[in-house]
Amino acid sequence: MPRTSGFSVPEDILLCHLYVNMSQDNIKGKNQSGDEFWGNIMQCYNIEATEKGFTERNLRSLQSRISTIKKDVGKMIPCLKQVEYRHISGATQADEVSILEL
């Protein structure tokens, strides 16, 4: 498979959705090896990608992208906690997230 462009936001959402669902599946998630886990993610991703007009991805690409997303989420969580601890009166969750963008 030739090298393709970066992931779009809808592709990231699809990958995260599949990753979380496969991880939390009590039957499949706990009774499969890492290779089976990623093989299932790749298979499901590429089926849905084809249906939605996204680029098909290889295993390494999907693993690398989820690794990057996990690192970024890991950096964001402490920021969200700081905003939560401020207890801004009347602020919605959306308001609190927009504070992080300032």
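Residues numbered from 1 in each chain as written. Predicted model: local features only at pLDDT ≥ 70, side-chain atom pairs only at ≥ 80, totals over all residues. Heavy atoms only, no water.

Participant: What's the story with the packing of aromatic side chains in this structure? I'm lost.
Facilitator: Any aromatic ring pair is given by two values, namely how distant the centres are and how the planes are angled relative to each other. Tallied over the entire structure, the rule returns four aromatic pairs. Measuring from centroid to centroid gives 6.4 Å for F7 and Y45, while their planes differ by 55°, and the two rings are tilted. Here F7, found in the segment before α1 (9-24), pairs with Y45, found in helix α2 (residues 34-52); they are 38 residues apart in sequence, far enough to count as distant. Here F7 and Y45 have matching classes, each one buried. Seen in terms of ring centroids, Y19 and F37 are 5.6 Å apart; in terms of plane orientation they differ by 80°. Their pairing is edge-to-face. Of the two residues, Y19 is situated in helix α1 and F37 in helix α2; the sequence distance between them amounts to 18 residues. Overall, the relative accessible area of 19% leaves Y19 in the buried class. (Phe/Tyr/Trp six-rings, centres within 6.5 Å; stacked < 30°, edge-to-face > 60°. Helix = DSSP H or I, 4+ residues; strand = E, 2+ residues; numbered from the N terminus. Buried < 20%, exposed > 50% of the residue type's maximum accessible area, 1.4 Å probe, protein only.)

Participant: Is there a simple way to explain the confidence of the model for the protein in this structure?
Facilitator: Low pLDDT marks stretches whose predicted atomic positions should not be read closely. On average, residues of the protein score 83 in pLDDT, and 81% of them are at 70 or above. Per-residue pLDDT, averaged within each element of the protein, yields its smallest value for helix α4 (residues 93-100) (68) and its largest for α2 (94). (pLDDT = per-residue confidence, 0-100.)

Participant: When you look at α1 in this model, what are you seeing that I'm missing?
Facilitator: Think of an α-helix as turning once every 3.6 residues; residues three or four places apart then point the same way. Taking 1.5 Å of rise per residue, 16 residues should cover 22 Å, and α1 covers 22 Å from first to last C-alpha, within 8% of that figure. Those residues of α1 that sit buried are E11, D12, L14, L15, L18, Y19 and M22. Summarising the axial view, the buried residues of α1 lie within an arc of 160°, below the 170-degree limit, and thus occupy one face. Residues of α1 that are exposed and point over 90 degrees away from its buried face: V9, I13 and Q24. (Expected span 1.5 Å × (residues − 1). Arc of directions from axis to C-beta.)

Participant: Explanation requested: the packing of α1 against α2 in the structure shown.
Facilitator: A packed helix pair is summarised by two numbers, namely the angle formed by the two axes and the spacing between the axes. Contact geometry of α1 with α2 gives a least axis separation of 10 Å together with a crossing angle of 140°. Viewed along their axes, α1 and α2 adopt a mutual orientation that is oblique. With respect to the hand of their crossing, α1 and α2 are arranged in right-handed fashion. Contacts from E11, L14, L15, L18, Y19, M22 and S23 of α1 reach α2 at F37, W38, N40, I41, C44, Y45, E48 and A49. Its residues assigned to classes, the contact of α1 with α2 comprises 11 nonpolar, two polar and two charged. (Axes fitted to C-alpha atoms, helices over the stretch in contact; angles between N-to-C directions. Parallel < 35°, antiparallel > 145°, perpendicular 65-115°, else oblique. Left-handed = near helix turned anticlockwise from the far one by under 90°. Contact = heavy atoms within 4.5 Å. Nonpolar A, V, L, I, M, F, W, Y, C, P; charged D, E, K, R; others polar.)

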